[in-house]
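Structure at a glance
Here is what each chain is made of, one letter per residue.
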Amino acid sequence: MKRILALLIALLVFAMPIVGAAAGQEEPKRPRLMIESGVVAPEVVSGGEDIELVVSINNIGKAEARYLSVKAYSESEYITLASDLNGTFMQKLSSGKTCEITFTFHVNPRAESGEYLLHVDAVYEDVSGMLYSCDAVFRATIVQPVELAFDPIELPELAESGSSFTQLISVYNPTYAPAYNVHASLNADGLVCASVFFPELAPGEQAVKELNVFVITLSGGYGLTNGEIVITYEDYSGTVKTLTQPVSCRITEPDKLSADEEQLLIEEQKAQQTLSKWWITVLCAAALTAIVISVIIVSKLSRLAKIR
């Protein structure tokens with residue numbers, strides 16, 4: 001056993017100089033490219049405009065990069081390179097050097113508002129022909145104008161005080177940008193209702209809801225009331241916009257009963273009163289009967305007690 005341990009120790013002692021020599025060998029020099037920065041201008045664009053992307057590529061490796069090919073693209077079909085050439089080629093990029101490359105994208109007028117990703121991919125070689133790559137992603141913001149519309153609204157010509165009715169509100173978005181916090185309300189003297197709410201209306205979307213309107217009286221009684229339908233919403237940047245439409249309605253006094261209807265109502269009231277009196281008589285008779293029966297029972301019990 002001691003001989004085996006001694007042999008193992010001797011092998012380790014002889015192996016240590018070999019490991020140390022391998023560790024001391026200098027690593028091969030390789031290129032290493034980094035896409036350090038990118039500037040998107042302008043920061044916010046609209047449909048039909050161009051986006052310029054300027055990227056800086058730095059060789060932080062210890063050897064030159066050869067046959068550098070840089071390409072840019074967007075995953076959206078509405079953002080395309082303005083030029084048919086979607087890439088740039090460089091013969092070499094020396095160690096410690098930086099280069100700038102500019103790409104120009106065109107935004108389709110039909111592009112919807114939102115954030116879009118711009119991709120940059122770089123492929124290069126070292127002196128031995130080994131391939132390397134690096135990539136980066138940048139964001140572009142597109143803001144399209146949003147203008148909502150709604151179907152024309154016509155209130156009932158006559159509305160009786162104390163009654164109610166429903167009014168459909170149909171709002172739609174014909175633009176390429178979403179609308180947020182959409183409120184629709186009716187403002188008119190003598191007409192009371194709560195507003196309806198749409199959290200978001202996407203491009204091309206239509207939404208329909210009901211306004212439940214309760215009819216009261218005008219400040220001066222009855223007659224014509226003029227008001228407006230008001231629709232408010234916000235665009236991508238939070239700016240509030242308003243749509244209005246004038247409306248009118250004549251509030252009338254509740255219909256009075258005819259002579260026959262009044263006579264019928266009086267007869268119904270009398271019948272109800274007679275029925276009430278009849279029930280009172282029945283209840284009183286039942287109470288008296290219960291009292292008489294109770295007295296009889298008590299008397300019989302008293303007599304039985306005396307006999308005992």
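Just so we're clear, the structure is a prediction, and the values are computed from it rather than from any experiment. (Residues numbered from 1 in each chain as written. Predicted model: local features only at pLDDT ≥ 70, side-chain atom pairs only at ≥ 80, totals over all residues. Heavy atoms only, no water.)

1. Digging into the environment of tyrosine 236
Along the chain, the position of tyrosine 236 falls in the loop between β17 (223-234) and β18 (240-252). On a C-alpha basis, the gap between tyrosine 236 and proline 178 in space is 7.1 Å, while along the polypeptide they are 58 residues apart. The contacts of tyrosine 236, once residues within four sequence positions are left out, are Ser113, Gly114, Glu115, Thr141, Val143 and Tyr180. (Helix = DSSP H or I, 4+ residues; strand = E, 2+ residues; numbered from the N terminus. Contact = heavy atoms within 4.5 Å.)

2. Regarding the side chain of threonine 175
Examined against the element boundaries, threonine 175 turns out to sit in the loop between β12 (164-172) and β13 (179-188). A distance of 2.6 Å separates a polar atom in the side chain of threonine 175 from a polar atom in the side chain of asparagine 173. Within the structure, threonine 175 has its side chain in polar contact with the backbone oxygen of alanine 177 (distance 3.5 Å). Each residue touching threonine 175, except ones within four places of it in the same chain, is listed here: Pro145, Val146, Glu147, Pro203 and Gly204. (Polar contact = N/O pair within 3.5 Å; in protein donor to acceptor, adjacent residues only side chain to side chain.)

3. Here's the deal with the sheet that holds strand β8 (residues 114-125)
With respect to topology, five strands assemble into an open sheet ordered β2-β9-β8-β4-β6, the strand pairing being mixed. Of all strands in the sheet, those with a lone pairing partner are β2 (44-45) and β6 (87-93), marking the two edges. With 12 bridges joining them, β8 and strand β9 (residues 131-142) adopt antiparallel strand pairing. Pairing of glutamate 125 across the sheet is with leucine 131, part of β9. (Pairing = 2+ DSSP bridges.)

4. Concerning the packing of aromatic side chains
A complete count under the given rule lists one aromatic pair for this structure. Residues tyrosine 124 and tyrosine 132 carry aromatic rings whose centres are separated by 5.5 Å and whose planes lie at 15° to one another, so their mutual orientation is stacked. There is no split in this pair, since tyrosine 124 and tyrosine 132 are both buried. In this structure, lysine 209 packs its charged tip against the face of phenylalanine 198, placed 5.2 Å from the ring centre. (Phe/Tyr/Trp six-rings, centres within 6.5 Å; stacked < 30°, edge-to-face > 60°. Buried < 20%, exposed > 50% of the residue type's maximum accessible area, 1.4 Å probe, protein only. Lys NZ or Arg CZ within 6 Å of the ring centre and 35° of its normal.)

5. Thoughts on the confidence of the model for the chain
For the chain, the mean per-residue pLDDT works out to 84, and 77% of the residues sit at or above 70. Scored below 50 in pLDDT, residues 5-23 makes zero contacts in the model with residues more than four places away or belonging to other chains. (pLDDT = per-residue confidence, 0-100.)

6. What to know about unusual backbone geometry
In this structure, proline 42 follows alanine 41 across a cis peptide bond, with omega equal to -10°. If you trace the backbone, proline 42 turns up in the loop between β1 (33-41) and β2. For tyrosine 67, which is not glycine, the phi dihedral falls at a positive 50°. Of note, tyrosine 67 is situated in strand β4 (residues 65-74). With phi around 50°, asparagine 181 is a residue other than glycine that occupies positive phi space. Relative to the assigned elements, asparagine 181 resides in strand β13. Since its relative accessible area comes to 30%, asparagine 181 is described here as partly exposed.

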